[in-house]
Amino acid sequence: MLNYLWAGMILVGVVFGAFNGRMQAITNAALDSSKEAVTLCITMIGVMAFWTGIMEIASRAGIVQMASRKMRPLLRFLFPGIPEGHKAEEHIATNFIANFLGLGWAATPAGLKAMEELGKLEDDRRAGRAAGPARNKGIASNEMCTFLIVNISSLQLIPVNVIAYRSQYGSANPAAIVGAGIVATAVSTGVAMLFCKMMDR
């Protein structure tokens, strides 16, 4: 769908420029935008490599595991249906920590592993209820829905992506967004947690 949307916008722009005699401006804009896109990608790769490396160092040093243990009360509150010590807990904690630091790239693999473990947990539960009413395998569990919603709300201490974008486009103070980012994501995460607990009931 997005491919059709972008193609339509480009086509409309080219047709509009042709009818208004501004094809040269469109050509220049396309070339300039391509140059900016490559420059932005290089900037983002550097930021991503730095923070992903920091996350890997923290993981090997045991900092992530220690933080995961500290987060257990929160995880028990959000995911009461996950057995204590289940593999999903560590992956969920790693995902939350990465998102908290604004490391969406590092959070994605942990999020996928968490969903996989939650899916296995739901399959085990479903097998235990085999004698009861049949359920569709494609239905997500409460834990999976909660994880997805809280993950999307994404409480962030350091919005790395936004800082990198602002720096790329010449902001005098790229990190000025941090305070507003913390407030906005704290509100969104709080609303997400409240919604999940209400729907659980």
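Up top is the structure these notes are about.
Residues numbered from 1 in each chain as written. Predicted model: local features only at pLDDT ≥ 70, side-chain atom pairs only at ≥ 80, totals over all residues. Heavy atoms only, no water.

1. Some points on the overall build of the chain
- When helices and strands are tallied, the chain shows nine helices and zero strands.
- The order of helices and strands in the chain, counted from the N terminus, is α-α-α-α-α-α-α-α-α.
- With the principal axes as the frame, the chain shows a C-alpha extent of 70 × 45 × 30 Å.
- Relative to its 201 residues, the chain shows a buried fraction of 26%. (Helix = DSSP H or I, 4+ residues; strand = E, 2+ residues; numbered from the N terminus. Buried < 20%, exposed > 50% of the residue type's maximum accessible area, 1.4 Å probe, protein only.)

2. Some details on the packing of helix 3 (residues 63-70) against helix 5 (residues 87-100)
- The N-to-C vectors of helix 3 and helix 5 enclose an angle of 105°; their axes lie 9 Å apart at closest approach. When the interaxial angle is binned, helix 3 and helix 5 end up roughly perpendicular. Across from Val-64, Gln-65, Ala-67 and Ser-68 in helix 3, the residues of helix 5 making contact are Glu-90, Ala-93, Thr-94 and Ile-97. (Axes fitted to C-alpha atoms, helices over the stretch in contact; angles between N-to-C directions. Parallel < 35°, antiparallel > 145°, perpendicular 65-115°, else oblique. Contact = heavy atoms within 4.5 Å.)

3. Structural notes on the pattern of salt bridges
- On inspection of all chains with the given rule, the structure shows three salt bridges.
- Glu-116 is paired through a salt bridge with Lys-120; the nearest N and O atoms lie 3.8 Å apart. Here the residue Glu-116 and the residue Lys-120 both occupy positions in helix 6 (residues 104-128), the gap between them amounting to four residues, near one helical turn.
- Glu-116 gets classed as partly exposed once you look at its relative accessible area, which sits at 46%.
- Through salt bridges that share partners, Glu-116, Glu-117 and Lys-120 make up one connected network. (Salt bridge = Lys/Arg side-chain N within 4 Å of Asp/Glu carboxyl O.)

4. Section: a nonpolar patch on the surface
- A cluster of nonpolar residues, Leu-2, Leu-5, Trp-6 and Met-9, forms a patch on the protein surface that exposes about 460 Å² of accessible area.
- Summarising the element assignment, Leu-5 is placed in helix 1 (residues 2-19). (Patch = residues over 30% accessible without salt bridge, like charges linked within 9 Å, V, L, I, M, F, W, Y side chains within 5 Å. Areas by Shrake-Rupley, 256 points an atom, 1.4 Å probe, with all protein chains shown as cover.)

5. Thoughts on the layout of surface pockets
- Of the pockets and cavities examined, the largest pocket occupies roughly 290 Å³.
- Lining the largest pocket we find 13 residues, and of these Glu-56, Ser-59, Thr-94, Ala-106 and Ala-110 sit closest to its centre.
- Of all elements in the fold, only helix 2 (23-60), helix 3, helix 5 and helix 6 reach the threshold of two or more residues within the lining of the largest pocket.
- Partitioned by chemical class, the residues of the lining of the largest pocket number five nonpolar, five polar and three charged. (1 Å grid on protein atoms, 1.4 Å probe; cavity = no way out; pocket = protein on both sides within 12 Å on 5 of 7 lines; lining within 4 Å. Points joined across faces, edges and corners; volume = space filled by probe spheres on them. Nonpolar A, V, L, I, M, F, W, Y, C, P; charged D, E, K, R; others polar.)

6. Concerning the packing of aromatic side chains
- Throughout the structure, instances matching the rule amount to two aromatic pairs.
- Ring centres of Phe-79 and Phe-96 lie 6.5 Å apart, and the angle between their planes is 35°; this geometry places the pair in the tilted category. Pair noted here: Phe-79 is in the loop between helix 4 (72-78) and helix 5 and Phe-96 is in helix 5, with a separation of 17 residues, a long-range link. Phe-96 shares its class with Phe-79; the two are buried.
- With a centroid separation of 6.1 Å and an interplanar angle of 25°, the aromatic rings of Phe-96 and Phe-147 are classed as stacked. In this pair, Phe-96 sits in helix 5 while Phe-147 sits in helix 7 (residues 142-153), placing the two residues 51 residues apart along the sequence.
- Here the aromatic cluster, defined as three or more aromatic residues joined through ring pairs, consists of Phe-79, Phe-96 and Phe-147.
- Positioned above the aromatic ring of Phe-77 is the side chain of Lys-197, whose terminal nitrogen or guanidinium carbon lies 4.6 Å from the ring centre. (Phe/Tyr/Trp six-rings, centres within 6.5 Å; stacked < 30°, edge-to-face > 60°. Lys NZ or Arg CZ within 6 Å of the ring centre and 35° of its normal.)

7. Structural notes on the nonpolar core
- Counting residues in hydrophobic clusters, the biggest one holds 24 residues, and the most contacted among them are Met-55, Phe-79, Ile-92, Phe-96, Leu-118 and Phe-147.
- Of all the elements in the fold, those that place two or more residues in this core are helix 2, helix 4, helix 5, helix 6 and helix 7.
- The element contributing the most residues to this core is helix 5, with six residues.
- Setting aside residues no more than four positions away along its own chain, Ile-92 makes contact with Leu-75, Phe-79, Ile-82, Ala-114, Leu-118 and Phe-147. (Core = buried A, V, L, I, M, F, W, Y, C linked by side-chain atoms within 4.5 Å.)

These figures capture arrangement, not role.
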